[in-house]
Amino acid sequence: MSRITFVSAVLICFISTTSFASADDHILSAYQVLQQYDFPVGILPVGVTGYELNRDTGEFAAYLNGTCKFSLEGSYTLEYKSTITGVISKDRLKNLKGVSVKVLFFWLNIVEVVRDGDELQFSVGIASANFPIDNFVESPQCGCGLNCNGVEDH
């Protein structure tokens, strides 16, 4: 093997390895994927440990270490199961499973979230409620929501 061929082979291996490594450095978090679909990061709590996404169908699964529960605005309690699934597309999450809201004494499954301009519409099937998107700029923490004041992540 000539020196030029050997050097070329080494350079090709180095470039291939470098390209592969830099591709791995750009793996997106679940929160970054949400933003790609025009959703704020705050619709997921802190602590997502991983996710799966089929970009062709939009089917996804997001994983937490366990069930996550917290209160928002003093009137709603949200619960995220350890696995959240659904279908994502630009401005729409549908067929959601694993997210519930407590309204009065009843737990209702949130089945769809739609972004409409500066609002998010959360649907429980028979009813829906709109909230300003500004309420979801920050991800809530399990146990304490957005009012943690130094409380450690659970």
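Residues numbered from 1 in each chain as written. Predicted model: local features only at pLDDT ≥ 70, side-chain atom pairs only at ≥ 80, totals over all residues. Heavy atoms only, no water.

Another point: the pairing of strand β2 (residues 59-63). In this structure, strand β1 (residues 50-53) lies alongside β2, joined through 4 bridges in antiparallel fashion. Considered in β2, the bridge of Tyr-51 is made with Ala-62. Between β1 and β2, which pair antiparallel in sequence order, lie 5 residues; one of them, Gly-58, sits at a positive phi of approximately 85 degrees. (Pairing = 2+ DSSP bridges. Helix = DSSP H or I, 4+ residues; strand = E, 2+ residues; numbered from the N terminus.)

We now examine the state of the cysteines. Summed over the entire model, instances satisfying the criterion amount to 2 disulfides. In this model Cys-144 forms its disulfide with Cys-148; the gap between the sulfur atoms is 1.9 Å. An S-S torsion of about 90 degrees defines the bridge between Cys-144 and Cys-148 as right-handed. A relative accessible area of 14% means that Cys-144 is categorised as buried. Disulfides within the protein chain link the bonded cysteines, taken in sequence order, as 1-2, 3-4. (Disulfide = S-S within 2.5 Å. Buried < 20%, exposed > 50% of the residue type's maximum accessible area, 1.4 Å probe, protein only.)

Of the voids in this model, the largest pocket is the one considered here, and its volume is about 750 Å³. If you go around the largest pocket, you meet 41 residues; those closest to its centre are Leu-78, Tyr-80, Ile-110, Phe-122 and Phe-136. Residue assignment for the lining of the largest pocket shows that the elements contributing at least two residues are α2 (30-36), β1, β2, β4 (76-89), β5 (92-103), β8 (119-123) and β9 (128-132). For the lining of the largest pocket, a count of residues per class yields 33 nonpolar, 5 polar and 3 charged. (1 Å grid on protein atoms, 1.4 Å probe; cavity = no way out; pocket = protein on both sides within 12 Å on 5 of 7 lines; lining within 4 Å. Points joined across faces, edges and corners; volume = space filled by probe spheres on them. Nonpolar A, V, L, I, M, F, W, Y, C, P; charged D, E, K, R; others polar.)

This part is about the environment of Tyr-51. Of note, Tyr-51 is situated in strand β1. Judged by relative accessible area, which is 29%, Tyr-51 ranks as partly exposed. It is 5.4 Å that separates the C-alpha atoms of Tyr-51 and Ala-61, two residues lying 10 residues apart in sequence. With near-sequence residues (within four places) excluded, Tyr-51 lies in contact with Leu-28, Ser-29, Ala-30, Val-33, Ala-61, Ala-62 and Tyr-63. A distance of 2.7 Å separates the side chain of Tyr-51 from the backbone oxygen of Leu-28, its partner in a polar contact. (Contact = heavy atoms within 4.5 Å. Polar contact = N/O pair within 3.5 Å; in protein donor to acceptor, adjacent residues only side chain to side chain.)

Right, let's talk about the nonpolar core for a bit. The biggest cluster of nonpolar side chains holds 32 residues, and the ones touching the most others in it are Phe-39 and Tyr-80. Only α2, β2, β3 (68-72), β4, β5 and β8 provide two or more residues apiece to this core. Setting aside residues no more than four positions away along its own chain, Phe-39 makes contact with Leu-34, Ile-88, Ser-89, Asp-91, Arg-92, Leu-93, Val-113, Arg-115 and Leu-120. (Core = buried A, V, L, I, M, F, W, Y, C linked by side-chain atoms within 4.5 Å.)

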